[in-house]
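What follows is each chain in one-letter form.
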Amino acid sequence: MSTRRRGEDLERAILHAAAEELRESGYAGMTMDRVAARAGTNKNAIYRRWPHRAALGIAAYRHLSDAAMPNPDTGTLRGDALEMLRRANETWSSPHGAVLRSLLAAATDDAALLDLMRERSGADTMDRAWLTMLERAVARGEAPPTAVHPRVAAMPMMLLRAEYAMSGIPSVPDEVLIDIVDEVFLPLVRGRA
């Protein structure tokens, strides 16, 4: 006889099931019925935690992101920033990136999803990683304390996302990543002094 899962165990099972559905079917193909079946629970258990599909989709993506978040520490801000952008670039063309692309595509027609994506962007896992990177640079004396700012931290990824949108390809050449770091990010960080 199996025991009934509750609390965090059940939430993890639901998020894992939703993440697998996103990977296999994209946001458009993810249904609460399929997630419930995959998680071995019922839809009511899902709806008690996430009021609609959009909320579950964002939570599942964040669950994937938290598990796959890089935290490079090369010893220099430039090295860390380049490594973060390179890993993000690799991720964008991976199955994890396909999940994000499906969420972004669906957001154009789903107001609730778009609102959730906007709402969650300030507390994004990637932004926290960039803030941590900036804090390490301050501790090493490479950056002024005023550089540890959410807009400064978000800027490299915003530029990378703009490159994806403008080029329409799932991978950006390395020389563009170097330009983002050397020509925009590092001058911005230094200019905050």
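Parameters at a glance
Residues numbered from 1 in each chain as written. Predicted model: local features only at pLDDT ≥ 70, side-chain atom pairs only at ≥ 80, totals over all residues. Heavy atoms only, no water. Helix = DSSP H or I, 4+ residues; strand = E, 2+ residues; numbered from the N terminus. Buried < 20%, exposed > 50% of the residue type's maximum accessible area, 1.4 Å probe, protein only. Contact = heavy atoms within 4.5 Å. Patch = residues over 30% accessible without salt bridge, like charges linked within 9 Å, V, L, I, M, F, W, Y side chains within 5 Å. Areas by Shrake-Rupley, 256 points an atom, 1.4 Å probe, with all protein chains shown as cover. Salt bridge = Lys/Arg side-chain N within 4 Å of Asp/Glu carboxyl O. Lys, Arg positive; Asp, Glu negative; His and termini not counted. Charge placed at Lys NZ, Arg CZ, Asp CG, Glu CD. Polar contact = N/O pair within 3.5 Å; in protein donor to acceptor, adjacent residues only side chain to side chain. Phe/Tyr/Trp six-rings, centres within 6.5 Å; stacked < 30°, edge-to-face > 60°. Arc of directions from axis to C-beta.

S.K.: For this particular structure, what's the right way to read the environment of proline 144?
M.R.: Mapped onto the elements, proline 144 comes out in the loop between helix H8 (125–139) and helix H9 (150–167). The exposure class assigned to proline 144 is buried, which follows from its relative accessible area of 16%. Considered as a pair, proline 144 and proline 51 are 93 residues apart in the sequence and their alpha carbons are 43 Å apart. If near-sequence neighbours (up to four positions away) are discounted, proline 144 is found in contact with Val138, Val189, Arg192 and Ala193.

S.K.: Just checking my understanding: could you explain a negative patch on the surface for this structure?
M.R.: A contiguous patch of negative charge, built from Glu163, Glu175, Asp179 and Glu183, is present on the exposed surface. When residues in the negative patch are grouped by element, the largest group, three residues, is from helix H10 (residues 174–191). The topology assignment puts glutamate 183 in helix H10. On the basis of relative accessible area, glutamate 183 is assigned to the exposed category, the value being 57%.

S.K.: I'm lost on the side chain of arginine 136 in this one. Help?
M.R.: Mapped onto the elements, arginine 136 comes out in helix H8. Judged by relative accessible area, arginine 136 falls into the buried class, the value being 18%. A distance of 3.1 Å separates a polar atom in the side chain of arginine 136 from a polar atom in the side chain of asparagine 71. In this structure the side chain of arginine 136 is engaged in a polar contact, spanning 3.4 Å, whose partner is the side chain of aspartate 80.

S.K.: What is the right way to look at the packing of aromatic side chains in this model?
M.R.: Remark: the centre distance and the inter-plane angle together describe each pair of aromatic rings, the angle taken between the planes. In total, this model carries two aromatic pairs according to the counting rule given. Their ring planes at 5° and their centres at 4.5 Å tell us that tryptophan 92 and tyrosine 164 sit as a pair that is stacked. Here tyrosine 164 lies in helix H9 and tryptophan 92 lies in helix H5 (residues 77–92), a separation of 72 residues in the sequence. For the pair shown, tryptophan 92 and tyrosine 164 are each scored as buried. Taking 5.3 Å as the distance between ring centres and 80° as the angle between the ring planes, the aromatic pair formed by tryptophan 130 and phenylalanine 185 counts as edge-to-face. Note that tryptophan 130 is positioned in helix H8 and phenylalanine 185 in helix H10, a separation of 55 residues in sequence. In this structure, tryptophan 130 and phenylalanine 185 share a single accessibility class: buried.

S.K.: Before we go on, may I ask you to explain helix H2 (residues 32–39) in this structure?
M.R.: Every α-helix winds through 3.6 residues per turn, so residues three or four apart in the chain are directed the same way. By the burial criterion, the buried members of H2 are Met32, Val35, Ala36 and Ala39. Relative to the axis of H2, the buried residues are bounded by an arc of 100° and lie together on one face. Phi turns positive, to about 70°, at glycine 40, one or two residues after H2.

S.K.: I would appreciate a short explanation of the pattern of salt bridges in the present structure.
M.R.: Charged atoms that come close allow side chains of opposite charge to pair. Considering all chains together, one arrives at 16 salt bridges under this definition. Here arginine 86 ties to aspartate 174 by a salt bridge, and the two come within 2.7 Å at their closest N and O atoms. Of the two residues, arginine 86 is situated in helix H5 and aspartate 174 in helix H10; the sequence distance between them amounts to 88 residues. Of the residues examined, arginine 86 reaches a relative accessible area of 28% and is grouped as partly exposed. Note on aspartate 174: relative accessible area 32%, which makes it partly exposed. In this structure, a network of salt bridges that share partners links the residues Asp73, Asp80, Arg136, Arg140 and Glu142.

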